[in-house]
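Chain residues, written in single-letter form:
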Amino acid sequence: MNEENVVFIGKKSTMVYVMAVIMRMNRGAKEITLKARGKAISRAVDVAEIVKNRLPNEVKIGDINIYTEHIKADEENDLKVSAIEIPLKK
């Protein structure tokens, strides 16, 4: 997967991510993948829905991938964090 076509969802406003996706698609990207983990998952779903609704005949949501990431909290403990990948196809 081309890293240029990945939008990592974090704490910024939902519309910042919507505009990032739309700008990349206007530059010719055929597929953009939204990636988020933890509390940002709901924001990623919101971004996907807004983009799909703003470009109804152009963008389709592909197969969504959900998984758990193991993050090293310290030398003894691992954190398990839910993550999601949402492909948006033009």
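As shown above, the structure is provided for reference.
Report follows, based on the coordinates. The structure displayed is predicted, hence computed values, not measured ones. (Residues numbered from 1 in each chain as written. Predicted model: local features only at pLDDT ≥ 70, side-chain atom pairs only at ≥ 80, totals over all residues. Heavy atoms only, no water.)

With that out of the way, let us pick up the pairing of strand β5 (residues 78–89). One ladder, built from seven bridges, connects strand β2 (residues 31–37) with β5; its direction is antiparallel. Across the sheet, the residue bridging to T33 is P87, located in β5. Bridge analysis of strand β3 (residues 60–61) against β5 gives two bridges, and the strand direction is antiparallel. Bridge pairing in β5 links K60 to K89. By the bridge criterion, eight bridges tie strand β4 (residues 65–72) to β5 in an arrangement that is antiparallel. Opposite Y67, over in β5, you have A83 as the bridge partner. (Pairing = 2+ DSSP bridges. Helix = DSSP H or I, 4+ residues; strand = E, 2+ residues; numbered from the N terminus.)

The next thing to look at is a negative patch on the surface. On the surface, D74, E75, E76 and D78 cluster together to form a negatively charged patch. With respect to the secondary-structure elements, D78 resides in strand β5. Judged by its relative accessible area of 46%, D78 falls in the partly exposed class. (Patch = residues over 30% accessible without salt bridge, like charges linked within 9 Å, V, L, I, M, F, W, Y side chains within 5 Å. Areas by Shrake-Rupley, 256 points an atom, 1.4 Å probe, with all protein chains shown as cover. Salt bridge = Lys/Arg side-chain N within 4 Å of Asp/Glu carboxyl O. Lys, Arg positive; Asp, Glu negative; His and termini not counted. Charge placed at Lys NZ, Arg CZ, Asp CG, Glu CD. Buried < 20%, exposed > 50% of the residue type's maximum accessible area, 1.4 Å probe, protein only.)

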